[in-house]
Amino acid sequence: MRADITLHRVPIENAPTVILLKGTFTPSDDPQSLAREVAASGAKIVTFESGGGNVMTAIAYGRVIRALGLATVQFRTAECASACALAFSGGAVRQAEAGSIGVHQSSFAPDSALDRQAAVTAVQSMTAEIMTYLVEMGVDPRLLQLSLSIPSDDMRYLTLGEMRTYRVISGDFGEEEARIEKGANVPSVAPATDAPRVTGAGAQHSETAEQKAMAFAYAYHDAWSMPNDQALAFMDGAYEDLVEFYGKATTKAKVLEEKRTFAKRWPARAYFVKSGSEKVACAATCRVEGVVEWFARRDTGGRLSSGSARFSLNWDPVTGKASSESGEVIEVDRDVRMPARVIARWSEENGQCRGGGGDSPETLAACDRRAVTDAKLQRVGWCYGREGEAGYQMDWHACTGGPPATALSAPATDVRMPVPSAYPSRGELKGKTSLPDFKGRDREFNAFRTRIRESMMRGPDFAGHYSVIQYGCGSGCSNVVVADNRTGQPARFPRGGEDNTYLDLRFQLDSRLLAAQWLDYEAGRCFTEFFDYDRSKWKLLRKVDIGPVEVCYRAIDENLKRARGD
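None of these values were measured; they are calculated from a predicted model.

Procedures and definitions
Residues numbered from 1 in each chain as written. Predicted model: local features only at pLDDT ≥ 70, side-chain atom pairs only at ≥ 80, totals over all residues. Heavy atoms only, no water. Helix = DSSP H or I, 4+ residues; strand = E, 2+ residues; numbered from the N terminus. Buried < 20%, exposed > 50% of the residue type's maximum accessible area, 1.4 Å probe, protein only. Contact = heavy atoms within 4.5 Å. Areas by Shrake-Rupley, 256 points an atom, 1.4 Å probe, with all protein chains shown as cover. Disulfide = S-S within 2.5 Å. Salt bridge = Lys/Arg side-chain N within 4 Å of Asp/Glu carboxyl O. Pairing = 2+ DSSP bridges. Axes fitted to C-alpha atoms, helices over the stretch in contact; angles between N-to-C directions. Phe/Tyr/Trp six-rings, centres within 6.5 Å; stacked < 30°, edge-to-face > 60°. Lys NZ or Arg CZ within 6 Å of the ring centre and 35° of its normal.

Draft legend 1. Inspection of the overall build of the protein chain at higher detail. Along its length, the protein chain carries 14 helices and 24 strands. Residue burial in the protein chain is summarised as follows: out of 566 residues, 46% are buried. Look at the contacts in the protein chain between residues 6 or more apart in sequence, and 61% of them connect residues 24 or more apart. If you sum the accessible surface of the protein chain, you get close to 27300 Å²; carbon and sulfur atoms cover 50% of it.

Draft legend 2. Fine view of the state of the cysteines. Taken as a whole and judged by the stated rule, the model has 4 disulfides. Each sulfur of the disulfide joining Cys-80 and Cys-84 lies 2.1 Å from the other. Negative torsions about the S-S bond denote left-handed disulfides, and the value of about -105 degrees found for Cys-80 with Cys-84 makes this one left-handed.

Draft legend 3. Spotlight on the pattern of salt bridges. The full count for this structure, using the stated rule, is 27 salt bridges. Across the salt bridge formed by Glu-37 and Arg-9, the nearest N and O atoms sit 2.4 Å from each other. Here Glu-37 is found in helix H1 (residues 32-41), whereas its partner Arg-9 is found in strand E1 (residues 6-12), with 28 residues between them in sequence. By relative accessible area, Arg-9 is classed as partly exposed at 47%. For Lys-279, the salt bridge identified is with Glu-289, shortest N-O distance 3.9 Å. With Lys-279 in strand E12 (residues 279-282) and Glu-289 in strand E13 (residues 286-297), this residue pair connects regions lying 10 residues apart in the sequence. Overall, Glu-289 belongs to the partly exposed group, its relative accessible area being 26%. Through salt bridges with shared partners, a single ionic network connects Arg-426, Arg-512, Asp-532, Asp-534 and Arg-535.

Draft legend 4. View of the sheet that holds strand E24 (residues 537-548). Pairing is antiparallel in the open sheet, where 4 strands are placed in the order E21-E22-E23-E24. Bordering the open sheet on either side are strand E21 (501-507) and E24, each of which pairs with just one other strand. Within this sheet the neighbouring strands show an average axis-to-axis angle of 20 degrees, counted without direction. Relative to E24, strand E23 (residues 525-534) runs antiparallel, the two sharing 10 bridges. Directly across from Asp-532, in E24, lies its bridge partner Lys-539.

Draft legend 5. Molecular detail of the sheet that holds strand E7 (residues 101-103). Pairing is mixed in the open sheet, where 3 strands are placed in the order E5-E7-E8. Looking at which strands have only one partner, the edges of the open sheet turn out to be strand E5 (80-81) and strand E8 (156-157). Sheet topology note: the E5/E7 ladder contains 2 bridges and is parallel. Note that in E7 the partner of Ala-81 across the bridge is Gly-102.

Draft legend 6. Structural context of the pairing of E12. As judged from the 4 bridges shared by E12 and E13, these two strands associate in the antiparallel manner. The partner of Val-280 across the bridge, within E13, is Val-288. Two successive antiparallel strands, E12 and E13, enclose a turn made up of 3 residues.

Draft legend 7. View of the packing of aromatic side chains. Evaluation of the coordinates by the stated rule reveals 21 aromatic pairs. Here the aromatic rings of Phe-493 and Phe-531 are separated by 5.4 Å at their centres, their planes lie at 75 degrees, and the arrangement is edge-to-face. Note that Phe-493 is positioned in the loop between strand E20 (490-492) and E21 and Phe-531 in strand E23, a separation of 38 residues in sequence. On the accessibility criterion, Phe-493 (6% relative accessible area) is buried. Phe-531 gets classed as buried once you look at its relative accessible area, which sits at 2%. Site record: aromatic cluster; members linked through ring pairs are Phe-462, Tyr-466, Phe-493, Phe-507, Phe-531, Tyr-533 and Trp-538. Lys-259 extends its terminal NZ or CZ atom over the ring of Trp-224, reaching a point 5.2 Å from the ring centre.

This is the structure in structure tokens:
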């Protein structure tokens, strides 16, 4: 039998190599090959693209990963499922995106010639081995219990909350990233990850002057988004000794003085070239033009600035430096509360990264660009996801000590919840829960059968005999099913999806009243609605506009509590 796991070096500029383990784990794979590859490459991080395979081989890889002190990281653009989750657990530091790790029951190959008694013995032995290994790696052994509840022909992809609960992720990978990037204090003038990549027939030739000039423009704005010492170090090497600076001949020293003054005034900055705005023309020198969008913050007073501007750079392909710079402001945003332009850029790149083919050049380029934008947002005080959130709930929000408190002002409208007892449930469940017919009447819900079954088997939690089941459909997106435990029939809740993001619900077993809070991105407003679910029909009692986008970053319970004045 041939070895199926292959090792691939993923080089990262100014950082140690990442090792990608790709393929199916088989008994003939050699985990020590990873040790040899790490020794040769200096890699510190392992990532995976694997649907699973042999459990004992995956455990062996996990133990090698731990012995080498490697970190493991998993992105949703790839997959680490089934036995691969065990190899991932070997990381000394482990981080993963929601939905990137999948678990289910272990199974034997169809051609395994095991009688009933031998199979039982083998399962018991494997279960004990897995549990011992999980404890050894610091993973909660209850993860095995969850895995055993998922049929081998199904898969449970873990939410971020579940990964934290079962300690599948551990440590602060951000610190590991900082250690890896420690040597990259000054960005190179070489092509930045935002820069267009050469594809097609032109890819087999060296870069043209136009491509190098465009790469310089991207690197320039990436560098200006960095901390002041790194940004100014880049600028020191980016200009000729004499520069035509906004129409006036200026020495490089004077240009750097102006840059230093601006950087001191606005120390937190995020700049990026607007996609599609770039133009470049080369003769003796190259002229690069385009539109740059920005977000900046002052440390004193909490003042924010956001907008867009045209830029123009003359770049000399011989010296690799700029001989002129000019531009003009197009638009300055009013009432700035958040880096909306930068977040919109990240959301576009995130969609391209997660929605594309796992290893296509376009997808990898989008993932690279997303990482750059992610770092820019963090540098201006915005973080992705909060502790305890599921993947579908996560989005960008102000980090502690970020924008001024006014950005999260209390709702200006009375949003007090009606009294639940005024809408009593009409009867309780008597007897056992009836489950849906996923192959017949309820087949439209078949894709979410595992989540629906699990929720219903815990018993009703709404209006006497219903179960409310919420599941993710993307970043900030979720859908809701309300299933009748008497009849087993599921039905859709009238809110959710991309039109009603950040959907948060409040309900209770003894009442038909349900409160829903959600964000309308197009309107830029947060709403709360109160419904009466009477005889399987939703009646809207009241809809309240409770404030701007930022209000929806708080849980519905907190907004209701503030409205009561608690």
